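# Observations on the three-dimensional arrangement
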2 protein chains.
Amino acid sequence: MTTTIDKTAGTPGKYKVLGTRPVRHDGIEKVTGAARYGADMNMPEMLHGKILRSPHAHARIRSIDTSKAEALPGVMAVATSKDLPIIQARELNPGQGGPRLLAENDLADKKVLYKGHAVAAVAATSPHIAEEALALIAVDYEVLPTVLGWREAMKEGATLLHDNLTEKFSATRGGAGEDTGNKSNVASHLQLKMGNVEQGFKEADTILEREYNTQTIHQGYIEPFACTAQWIPEGRLTIWTSTQGIFGVRGNVAAILNIPESMIKIVPMEIGGGFGGKGTGYLEPVAAVLSKKTGHPIKMVMSRKEVFEGTGPSSGTSITVKIGAKKDGTITAAQLGMIYEAGAYPGSPMVGGVTSAVSAYKIDNVLIDGYDVVCNKPKTAAYRAPGHPQAAFAAESALDELADMLGMDPMDLRLKNVAMEGDRAVTGVPHAHVGLKEVMDVMKAHPHYTAPLGGPNRGRGVATGYRLNGGGSGSSATINVLANGTVNLTTGSMDLSGTRVAIAMQVAETLGLTAEEVTPQVVDTDSVGWTGGSGGSRITFDTGRASIAAAQLVIEQMGARAARLWEVQPEDVEFVDGIFICTKNTDDKFTFKELAGKLMTTGGPVTCSAMDTQGGVGGALAGNIFDVEVDPETGKVDILRSTVFLDIGQAAHPSYVEGQMQGGTLQGIGWALNEEYFFTPEGVMANSSLLDYRMPTSLDLPMIDTVIIEYANPRHPYGLRGAGEHPIIAPLPAMANAVSRAIGVRMATLPISPGAILEAIEKKNTNK
Amino acid sequence: MTTTIDKTAGTPGKYKVLGTRPVRHDGIEKVTGAARYGADMNMPEMLHGKILRSPHAHARIRSIDTSKAEALPGVMAVATSKDLPIIQARELNPGQGGPRLLAENDLADKKVLYKGHAVAAVAATSPHIAEEALALIAVDYEVLPTVLGWREAMKEGATLLHDNLTEKFSATRGGAGEDTGNKSNVASHLQLKMGNVEQGFKEADTILEREYNTQTIHQGYIEPFACTAQWIPEGRLTIWTSTQGIFGVRGNVAAILNIPESMIKIVPMEIGGGFGGKGTGYLEPVAAVLSKKTGHPIKMVMSRKEVFEGTGPSSGTSITVKIGAKKDGTITAAQLGMIYEAGAYPGSPMVGGVTSAVSAYKIDNVLIDGYDVVCNKPKTAAYRAPGHPQAAFAAESALDELADMLGMDPMDLRLKNVAMEGDRAVTGVPHAHVGLKEVMDVMKAHPHYTAPLGGPNRGRGVATGYRLNGGGSGSSATINVLANGTVNLTTGSMDLSGTRVAIAMQVAETLGLTAEEVTPQVVDTDSVGWTGGSGGSRITFDTGRASIAAAQLVIEQMGARAARLWEVQPEDVEFVDGIFICTKNTDDKFTFKELAGKLMTTGGPVTCSAMDTQGGVGGALAGNIFDVEVDPETGKVDILRSTVFLDIGQAAHPSYVEGQMQGGTLQGIGWALNEEYFFTPEGVMANSSLLDYRMPTSLDLPMIDTVIIEYANPRHPYGLRGAGEHPIIAPLPAMANAVSRAIGVRMATLPISPGAILEAIEKKNTNK
């Protein structure tokens with residue numbers, strides 16, 4: 001179902017291609033198995049690389065003896081952090097930030113900081129020999145006390161993970177922060193405030209205070225990390241890899257290996273899921289070093305266990321919420337304390353939580369403190385709307401409870417406080433033309449919201465998820481016009497979610513072609529202008545805008561050709577509905593295809609490139625309604641009905657928007673109900689397989705109904721917004737609200753597993 | 001040695017990059033074996049294709065029974081011409097020309113026209129099974145009389161190869177020709193004339209008449225044809241192939257398979273030699289059809305025997321020359337009859353011979369008749385300066401003899417008649433600014449020309465080779481500027497001869513960079529604008545011009561960024577010697593690198609594309625001097641000294657110009673002394689291996705000294721001409737002249753093998 005509310009930015013009802021559902025260009029290759037993913041490389045004389053990983057969650061490396069491994073027949077090279085220039089030459093990157101930390105995560109320097117931390121790598125003639133060789137590497141560890149989570153990390157006198165890490169304090173979102181000089185496991189403290197919360201709470205009739213906790217969870221992409229590197233002796237380094245951003249990988253590899261970016265070519269393979277987790281690479285610099293040492297191409301593929309233990313999950317969090325409101329529902333103040341675990345190195349998505357938690361609402365008095373805390377877990381990575389789901393779980397659960405306390409409908413409470421265009425959030429940024437109220441109105445009016453629940457042990461949960469989409473790092477696009485009137489569209493944006501077709505459709509719309517007449521391709525770093533990674537729900541928007549700009553240049557250049565043929569000036573040519581028309585003689589017309597056929601004889605084919613660095617896809621709102629039934633005997637949650645809402649501005653290809661909405665909801669359900677890393681007290685993950693790490697399957701889920709809301713985005717020529725991330729935010733609180741209402745107990749810790757539910761029910765019954 | 005005569009078109013003495021000798025960008029990959037050639041593809045589930053070839057030189061195909069082959073375990077598909085839409089649907093291409101003939105050559109339709117003609121193809125799980133299956137295909141042939149050369153083909157009442165081939169007559173170079181209606185093996189007759197030869201011969205004091213003959217010879221590239229095709233069911237067709245022109249292959253495959261070009265992507269592999277012979281593909285449509293039938297990628301690699309028997313060699317020829325001169329050496333008339341064997345289908349390089357033979361000279365009365373004649377040999381293909389070497393062998397041998405008859409120095413005779421700028425050749429085209437006289441002056445003045453021969457049985461031969469370089473089909477180029485001030489240069493021009501570095505150097509010169517700061521790459525048909533094939537010595541010139549134009553757009557766009565930073569107008573910025581300067585405040589300066597680093601914050605990276613369709617690299621002259629000693633006992637020719645001369649306008653990278661000059665000379669020597677197809681009377685090639693087909697080795701050759709002459713080409717911004725083809729033209733006559741002078745007998749038939757020499761000496765002695 002699609003509800004078009006407003007298309008002021010676009011041209012209402014006039015889109016010929018946008019909003020239709022053509023077969024995606026890469027569809028056949030993907031369903032027939034012809035598409036080539038990270039592990040599908042096979043080169044002559046290729047060797048296989050494997051990584052030795054730490055058995056300890058926290059230890060100092062006294063020494064590494066690789067001699068026995070090197071002596072094993074078939075072993076061609078062994079690498080350690082000594083082979084990474086950025087680690088050895090500290091002057092290359094003296095600070096704590098950026099590539100240096102990536103490098104230490106790729107191959108540990110003096111310490112290992114989590115179970116699974118990479119310590120050494122072997123290249124051998126077969127993966128089996130490489131694995132055998134790993135066992136022959138002797139690492140002398142001095143085991144240190146494990147700091148397994150924020151609670152231990154923030155304790156007075158806690159063991160410190162990093163010798164030289166000091167807490168930074170910042171009072172603005174983008175600020176570098178002020179160094180407090182305090183040696184700490186708290187890497188940074190961000191404090192945002194508006195108004196005066198003390199005063200605000202004084203004005204409140206009702207105040208709720210509560211703590212919410214979530215666990216470390218993983219993105220759960222199907223394809224493990226995989227790459228192949230070939231470093232030509234004294235020549236260029238080529239890396240074929242499955243990543244969300246080839247230019248980002250190029251930059252990181254260049255910094256870690258201390259070579260110019262221009263000596264590196266990153267070739268994208270198809271990507272079997274990323275969800276933010278494949279923005280950062282792990283294997284590329286290691287494979288490159290092994291290739292340099294051996295003179296052979298090196299292929300490295302992680303196992304599932306390595307993916308869980310050695311790559312970035314999302315943060316475990318602890319968030320306190322204090323929120324006050326008047327009797328009429330007006331929220332007078334909100335105060336949040338948000339602790340995000342960063343894992344082994346600084347850099348949790350805490351900022352995403354702080355900036356989004358209550359930003360969909362107009363609250364005059366807000367104080368939020370966010371903390372980025374290191375501990376002996378894998379370094380976290382981005383996961384779809386990074387940091388937002390945890391924050392929304394806290395804030396939107398609190399609103400749900402507050403509504404109950406006020407005796408209000410939960411959607412009415414939200415609508416009472418919803419921020420309107422121009423209202424400033426705690427970030428200081430005024431809201432743009434975003435359908436916050438519109439999404440809430442549609443949710444409240446949706447039949448699902450008022451349908452009878454029809455049975456005992458049932459509950460309905462509702463929540464919204466706000467996010468200011470990201471990016472702004474820029475996208476490039478190049479269009480070649482073929483003689484038969486079709487065009488090739490070249491971008492550097494990895495296609496995680498159907499962006500090839502969604503961008504091609506924007507080009508088709510601009511040029512008056514069908515989607516099939518645009519052939520989109522994603523190419524390597526040598527073959528397209530710089531393009532930021534596929535993340536922040538920005539690609540359909542940013543790369544779309546760059547592609548539209550390139551298409552407009554095509555129209556301009558082709559118009560000049562028509563002018564030459566008609567012997568008029570270029571300004572005498574108009575392009576209307578896919579037709580070039582001479583304004584001086586309106587009988588002179590060319591279709592795009594006709595004119596394309598004349599390019600060779602009027603100066604040659606047209607190739608146009610454009611770049612978009614404005615970014616700023618902007619904020620948007622999503623929402624979920626869940627109906628659940630909880631079995632009080634087993635704690636099992638059955639999802640009876642599920643509806644997801646999203647303000648998409650204008651759907652490019654509605655099927656892929658719906659796919660994003662359903663996929664995000666599914667991942668949010670997993671996060672809410674089942675997923676978590678089980679750690680032993682020593683910091684060893686006890687469920688590092690897809691059998692034991694419980695992601696939802698299709699058997700766990702009902703149909704996820706979608707409601708697309710089109711409230712046009714004025715920043716995009718056709719009104720598009722991003723679709724990728726929002727849908728994962730609201731499912732956490734919506735599910736918690738549904739279960740809490742079904743069992744009559746507030747569930748403030750994720751996951752809400754059957755065990756947790758039974759415990760909560762028992763506690764409620766005991767307290768009665 | 002380089003002689004710079006004139007650089008009027010360029011900027012004399014000011015080139016920083018052009019004329020230097022940097023390491024080529026693809027050098028390390030090529031010497032270390034990392035470069036991937038046609039046969040280096042390896043894909044999951046790939047099958048292997050093999051071709052069944054005709055044992056008969058001329059036969060009608062009554063039937064093909066593939067059932068036993070299809071039943072062999074491991075065989076996945078068999079294809080015949082029934083699978084090529086262009087052959088089955090005659091309405092697609094009803095004429096005799098173009099893709100239809102290519103298709104019939106790829107898989108024979110109703111007749112086989114030469115021994116080795118492809119008849120059917122098999123795809124199997126291994127190449128061995130595929131070969132085994134070939135033997136199980138039963139072809140019922142009706143064997144027809146073999147028409148093995150022009151002599152049989154042009155005989156009264158000759159067996160006709162084609163039922164519907166009629167002779168076309170044309171009196172202009174580019175004309176389509178007039179259909180004479182005569183069913184014939186003569187496909188076309190081109191007659192060019194100037195003045196009145198009868199009158200001219202009347203004015204002559206001396207007239208020479210002679211017939212010259214050459215045999216079928218092969219380009220002798222090291223890499224056999226190889227390609228891999230993957231046709232996604234209902235999707236696009238991708239072909240990885242070793243070719244001289246990816247866009248040409250795309251066009252041919254599209255026509256043969258009757259699918260749009262936009263559904264095809266041709267990916268270039270490195271090419272292990274082409275010399276014109278790899279302009280046309282043979283395997284691509286067949287591999288595509290087998291891929292479609294099986295759903296698997298298909299790899300096909302020819303054997304050396306298949307390359308000799310199944311791909312295009314150069315024409316055997318028979319050329320009569322009648323030439324008359326006054327006592328002072330003024331040539332009054334020249335009449336040539338030039339028969340070129342086309343092989344099985346029309347299309348010999350006869351036109352190249354007709355237009356070049358005497359075009360370096362100002363002769364007022366010329367009449368040339370050229371004939372394109374089909375016979376039961378493989379269809380000829382282009383070979384380096386197609387048709388020119390055979391023509392020069394005739395014309396420049398005749399001049400040598402004429403000089404003797406006139407008692408003149410051979411170079412003096414040439415200089416007496418050399419054409420000057422503005423003089424019209426028989427083509428009707430006036431000579432441009434070309435160093436014809438200049439090359440001859442340098443040759444005559446060169447120490448080699450007057451050095452004592454120093455022994456008996458020795459002779460010195462001299463000759464020149466003129467060619468109007470070709471192309472004009474257009475080239476595209478795209479440049480990306482990287483933040484570190486280096487640039488990526490993307491073209492679609494296959495690099496046969498060092499053109500990556502030669503074009504990159506032109507970009508470097510334009511942008512004020514070093515050659516190493518430009519990273520050139522050759523990409524697939526989806527990733528760059530349309531670009532004609534690498535041939536006609538046009539790439540360094542045409543793709544160079546397109547790349548310079550793209551670089552100029554880069555300067556323009558970057559200048560606008562500098563203007564923005566300096567808050568001035570774009571026209572207030574100049575680019576001088578690699579520096580952007582503000583003319584309003586000359587203290588404001590950016591190096592290219594500095595400004596490149598600021599692009600991300602001023603609108604994003606710069607990507608610029610340009611196209612050049614003007615072409616017209618123009619004519620040029622090369623020349624050779626050989627000293628030989630002939631052993632009268634064995635007929636063996638020892639080359640004592642060899643010097644090659646070429647007007648290159650301006651050498652981009654002198655090493656690769658010298659390489660072309662030496663390589664062309666070497667191939668010309670092989671053609672002159674040893675190479676030929678030995679056919680049995682049944683039309684079977686008896687020497688189809690590199691052991692039996694005698695190409696020169698390094699042991700056969702002296703150092704080939706090079707003299708580069710730089711007489712700038714006004715059509716190129718830096719004065720460049722093409723280097724690839726000229727050097728193969730003059731070696732044939734120069735060697736014939738040298739041997740003829742050494743043994744005192746005119747050698748008018750190639751190859752001048754030891755046997756031929758002994759026969760000639762014996763005949764001379766007998767006649768005494």
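Residues numbered from 1 in each chain as written. Chains lettered and ligands numbered in written order. Predicted model: local features only at pLDDT ≥ 70, side-chain atom pairs only at ≥ 80, totals over all residues. Heavy atoms only, no water.

On to the overall build of chain A. Within chain A one finds 21 helices and 29 strands. Rg of the C-alpha trace for chain A: 27 Å, near the compact-globule value of 27 Å for 768 residues, within the 12% margin. In terms of principal-axis extent, the alpha carbons of chain A reach across some 90 × 75 × 50 Å. Counting all 768 residues of chain A, 64% fall into the buried class. Taking the intrachain contacts of chain A between residues at least 6 apart in sequence as the baseline, contacts between residues at least 24 apart amount to 78%. Here chain A displays about 26700 Å² of accessible surface, and carbon together with sulfur accounts for 51% of that area. Taken together, the 69 basic and 83 acidic charged side chains of chain A have centroids lying 1 Å from each other. (Helix = DSSP H or I, 4+ residues; strand = E, 2+ residues; numbered from the N terminus. Rg over C-alpha atoms; globule rule 2.2 N^0.38 Å. Buried < 20%, exposed > 50% of the residue type's maximum accessible area, 1.4 Å probe, protein only. Contact = heavy atoms within 4.5 Å. Areas by Shrake-Rupley, 256 points an atom, 1.4 Å probe, with all protein chains shown as cover. Lys, Arg positive; Asp, Glu negative; His and termini not counted. Charge placed at Lys NZ, Arg CZ, Asp CG, Glu CD.)

The next subject is the domain arrangement of chain A. Residue and element names in this part refer to chain A. Segmentation of chain A into domains returns domain 1 (1–13 + 432–469 + 619–768), domain 2 (38–145 + 226–300) and domain 3 (472–612). Contacts between the two partners involve 16 residues from domain 1 and, on the opposite side, 14 residues from domain 3. Counting each side, the surface lost to burial between domain 1 and domain 3 is near 1200 Å², with a carbon and sulfur contribution of 64%. Between domain 1 and domain 3 we count zero salt bridges in total. At the surface where domain 1 touches domain 3, the tally comes to five residue pairs in polar contact (both at pLDDT 80 or more). Across the side of domain 1 that touches domain 3, the residue classes tally to six nonpolar, seven polar and three charged. (Domains from an automatic or database assignment. Buried area = accessible area lost by both parts, 1.4 Å probe. Salt bridge = Lys/Arg side-chain N within 4 Å of Asp/Glu carboxyl O. Polar contact = N/O pair within 3.5 Å; in protein donor to acceptor, adjacent residues only side chain to side chain. Nonpolar A, V, L, I, M, F, W, Y, C, P; charged D, E, K, R; others polar.)

On the chain B side, the residues contacting the 44 residues of chain A number 44 residues. Interface area, chain A with chain B, both sides summed: about 3300 Å², of which 56% is carbon and sulfur. The interface formed by chain A and chain B includes 10 residue pairs in polar contact (both at pLDDT 80 or more). At the level of secondary structure, the elements contributing two or more residues to the side of chain A that touches chain B comprise helix H1 (27–32), strand S20 (475–481), strand S21 (487–491), strand S22 (518–522) and strand S26 (607–612) of chain A. When grouped by side-chain class, the residues that make up the side of chain A that touches chain B number 13 nonpolar, 22 polar and nine charged.

Residues and elements named next belong to chain B. The topology assignment puts Asp-588 in the loop between strand S24 (579–582) and strand S25 (589–591). Looking at Asp-588, the relative accessible area reads 23%, which means it is partly exposed. Considered as a pair, Asp-588 and Ala-562 are 26 residues apart in the sequence and their alpha carbons are 9.2 Å apart. Excluding anything up to four places from it in sequence, Asp-588 contacts Trp-566, Phe-580, Ile-581 and Cys-582.

On to the nonpolar core. Formed by 91 residues in total, the largest nonpolar core has its most connected members in Val-628, Met-735 and Val-739 of chain A. By residue number, the principal contributor to this core is helix H12 (residues 388–406) of chain A, which donates 10 residues. Setting aside chain neighbours within four positions, we find Met-735 of chain A in contact with Phe-626, Val-628, Val-637, Ile-639, Ile-669, Ala-672 and Leu-673 of chain A. Counting residues in each nonpolar core, the second largest holds 90 residues, with Ile-319, Ala-325, Ala-357 and Val-442 of chain B among its members. (Core = buried A, V, L, I, M, F, W, Y, C linked by side-chain atoms within 4.5 Å.)

Another point: the pattern of salt bridges. Within this structure, the stated rule accounts for 84 salt bridges over all chains. Two residues, Glu-725 of chain B and Arg-467 of chain B, come together in a salt bridge whose shortest N-O distance is 2.7 Å. In this pair, Glu-725 of chain B is assigned in the loop between strand S29 (704–711) and helix H20 (731–743) and Arg-467 of chain B in strand S19 (residues 458–468), connecting sequence segments 258 residues apart. When its relative accessible area of 7% is taken as the criterion, Glu-725 of chain B is described as buried. The closest approach of N and O atoms between Asp-647 of chain B and Arg-721 of chain B, which form a salt bridge, is 3.0 Å. With Asp-647 of chain B in strand S28 (residues 637–647) and Arg-721 of chain B in the loop between S29 and H20, this pair connects stretches of sequence that are 74 residues apart. As far as the burial class goes, Asp-647 of chain B and Arg-721 of chain B line up, both buried. Each of Arg-24, Asp-26, Lys-30, Glu-270, Asp-495 and Arg-500 of chain A takes part in salt bridges that share partners, so that together they form one network.

This part takes up the side chain of Thr-519 of chain B. Tracing the backbone shows Thr-519 of chain B in strand S22 (residues 518–522). Apart from the residues lying within four places of it in its own chain, the contact partners of Thr-519 of chain B are Arg-236, Ser-262 and Asp-526 of chain A together with Val-487, Asn-488 and Leu-489 of chain B.

Residue and element names in this part refer to chain A. In spatial order, the strands read S22-S21-S20-S26; together these four strands make up an open sheet with mixed pairing. Each edge of the open sheet is held by one strand with a lone partner, namely S22 and S26. Pairwise comparison of adjacent strand axes, ignoring direction, gives a mean angle of 20° for this sheet. Pairing analysis gives six bridges linking S20 to S26, with the strands arranged antiparallel. (Pairing = 2+ DSSP bridges. Axes fitted to C-alpha atoms, helices over the stretch in contact; angles between N-to-C directions.)

A word on the relation of the copies chain A and chain B. Superposing chain A onto chain B takes a rotation of 180° combined with a translation of 0.0 Å along the rotation axis, leaving an RMSD of 0.1 Å. Taken together, the turn and the small shift mark the pair as related by a two-fold rotation axis. Of the interface residues in chain A, 100% have counterparts in chain B that sit at the interface too, so the contact is made through matching surfaces. (Least-squares fit on C-alpha atoms with pLDDT ≥ 70 in both.)

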